[in-house]
Amino acid sequence: MATALRCFRHLPALLYPSSFAMARGLPQVPALRPDACRPRGHQMLLTRQLATKKAKGKGQPQARVSISAALVEDIISLEETNEDMQAAVDALKEDFSRNLSVRTSPGALDHIIVMTKDGKFPLNQLGQISQKSPQLILVNMTNFPESTAAAMKAIRESGMNLNPEIDGTVIRVPVPKVTREHRESLAKLAKQSTNKSKEALRKVRNKSISQVKKFKNKVSEDTIWMLEKQIQQMADSAAAEMDKLLAAKTKELLG
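Residues numbered from 1 in each chain as written. Predicted model: local features only at pLDDT ≥ 70, side-chain atom pairs only at ≥ 80, totals over all residues. Heavy atoms only, no water.

A short note on the environment of A108
Alright, step 1. Its place among the elements puts A108 in helix α6 (residues 106–109).
Alright, step 2. When the C-alpha positions of A108 and S97 are compared, they lie 8.6 Å apart, and in sequence the two are eleven residues distant.
Alright, step 3. Sequence-distant contacts of A108, that is, excluding residues within four places in its chain, are made with R98, N99 and M160. (Helix = DSSP H or I, 4+ residues; strand = E, 2+ residues; numbered from the N terminus. Contact = heavy atoms within 4.5 Å.)

Have a look at this one:
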């Protein structure tokens, strides 16, 4: 009612041109904005729609959305969502550092998982790993001789282009020469690892958005939209970081 009365009071200003009003000595009334008499909820929705359409335009940057985590903590924990996404990025960093090096080092074998009759164990818990020369790594399995064959199989199937040989309870691991083919093989592995990490990232995003949608009948449409937008922004940021890691690792591997 108040909005309708306010619009009615200003109606003369819309009926008289400003020059005519001045000539007649009529009071000047500020011109109304076209949307001044619209309900506030409609204004908010219209603003959101216009911003979305503009952002989708060719060459237009995506508008960023930010919502206070404290205001939506009953719906979703944005901090936990961000931590889960960052965990996927950190896992990719660790994989690159541990498994994708041009030159094989003893440390690269530490966390190869060995399947034994008693379960799965990292190689460095079963054998003593050392480097005898730049061209040879030794894995001494004296403490767990029964796992020697399983350890050799795990090394061969690690994807590191290694061909181990058994000498009693010692596994001899020749270090492969750094060939162009080897570098390209590692670069492909880096790409595969990045794709797996992005898939893990998508799962976090989808899980979070599904959580938000459960509240669509309890909170406003704009709140749901802003939360979905912010979750997508967080996912896009993490994916961009993964792409940077891949680009840097590929450059390192290919030289």
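From this point, things continue past the structure.
Let's talk about a negative patch on the surface
Alright, step 1. Residues E79, E80, E83 and D84 make up a contiguous surface patch of negative charge.
Alright, step 2. The topology assignment puts D84 in helix α5 (residues 78–99).
Alright, step 3. Looking at D84, the relative accessible area reads 44%, which means it is partly exposed. (Patch = residues over 30% accessible without salt bridge, like charges linked within 9 Å, V, L, I, M, F, W, Y side chains within 5 Å. Areas by Shrake-Rupley, 256 points an atom, 1.4 Å probe, with all protein chains shown as cover. Salt bridge = Lys/Arg side-chain N within 4 Å of Asp/Glu carboxyl O. Lys, Arg positive; Asp, Glu negative; His and termini not counted. Charge placed at Lys NZ, Arg CZ, Asp CG, Glu CD. Buried < 20%, exposed > 50% of the residue type's maximum accessible area, 1.4 Å probe, protein only.)

Concerning the packing of α5 against helix α10 (residues 221–254)
Alright, step 1. Between α5 and α10, whose axes approach to 10 Å, the crossing angle comes to 10 degrees. Comparing their axes, α10 and α5 come out roughly parallel. On the side of α5, the interface is formed by L78, T81, N82, M85, Q86, A88, V89, L92, K93 and F96, while α10 contributes L227, Q230, I231, M234, A235, A238, E241, M242, L245, L246 and K249.
Alright, step 2. The class makeup of the residues in the contact of α5 with α10 is 14 nonpolar, four polar and three charged. (Axes fitted to C-alpha atoms, helices over the stretch in contact; angles between N-to-C directions. Parallel < 35°, antiparallel > 145°, perpendicular 65-115°, else oblique. Nonpolar A, V, L, I, M, F, W, Y, C, P; charged D, E, K, R; others polar.)

Observations regarding the sheet that holds strand β5 (residues 165–167)
Alright, step 1. Pairing is antiparallel in the open sheet, where four strands are placed in the order β3-β4-β6-β5. The sheet is open, and its two borders are formed by β3 (128–133) and β5, each paired with just one other strand. In this sheet, neighbouring strand axes are inclined to one another by 30 degrees on average, regardless of whether the strands run parallel or antiparallel.
Alright, step 2. Pairing between β5 and strand β6 (residues 170–174): three bridges, direction antiparallel. Each bridged residue has a counterpart across the sheet, and for I166 the counterpart in β6 is I171.
Alright, step 3. Of the strands in this sheet, β4 (136–140), β5 and β6 touch helix α8 (residues 148–156), which is tilted by about 15 degrees from β6. (Pairing = 2+ DSSP bridges.)

Focus: the confidence of the model for the chain
Alright, step 1. This prediction gives the chain a mean pLDDT of 79; 72% of its residues lie at or above 70.
Alright, step 2. Note that pLDDT drops below 50 for residues 1–58; the model gives that stretch 30 contacts with residues more than four away or on any other chain. (pLDDT = per-residue confidence, 0-100.)

A word on the layout of surface pockets
Alright, step 1. Taken as a whole, the largest pocket spans an internal volume of roughly 350 Å³.
Alright, step 2. Every element with two or more residues in the lining of the largest pocket is listed here: α5 and α9 (180–213).
Alright, step 3. Residue composition of the lining of the largest pocket, by class: six nonpolar, seven polar and four charged.
Alright, step 4. Each of domain 1 (69–100 + 179–254) and domain 2 (106–174) accounts for three or more of the residues forming the lining of the largest pocket. (1 Å grid on protein atoms, 1.4 Å probe; cavity = no way out; pocket = protein on both sides within 12 Å on 5 of 7 lines; lining within 4 Å. Points joined across faces, edges and corners; volume = space filled by probe spheres on them. Domains from an automatic or database assignment.)

Brief notes about the pairing of β3
Along a regular strand, successive side chains alternate from one face of the sheet to the other.
Alright, step 1. The pairing of β3 with β4 spans five bridges and is classified as antiparallel. Pairing of S133 across the sheet is with L136, part of β4.
Alright, step 2. Once β3 ends, the chain turns through two residues before running back antiparallel as β4.

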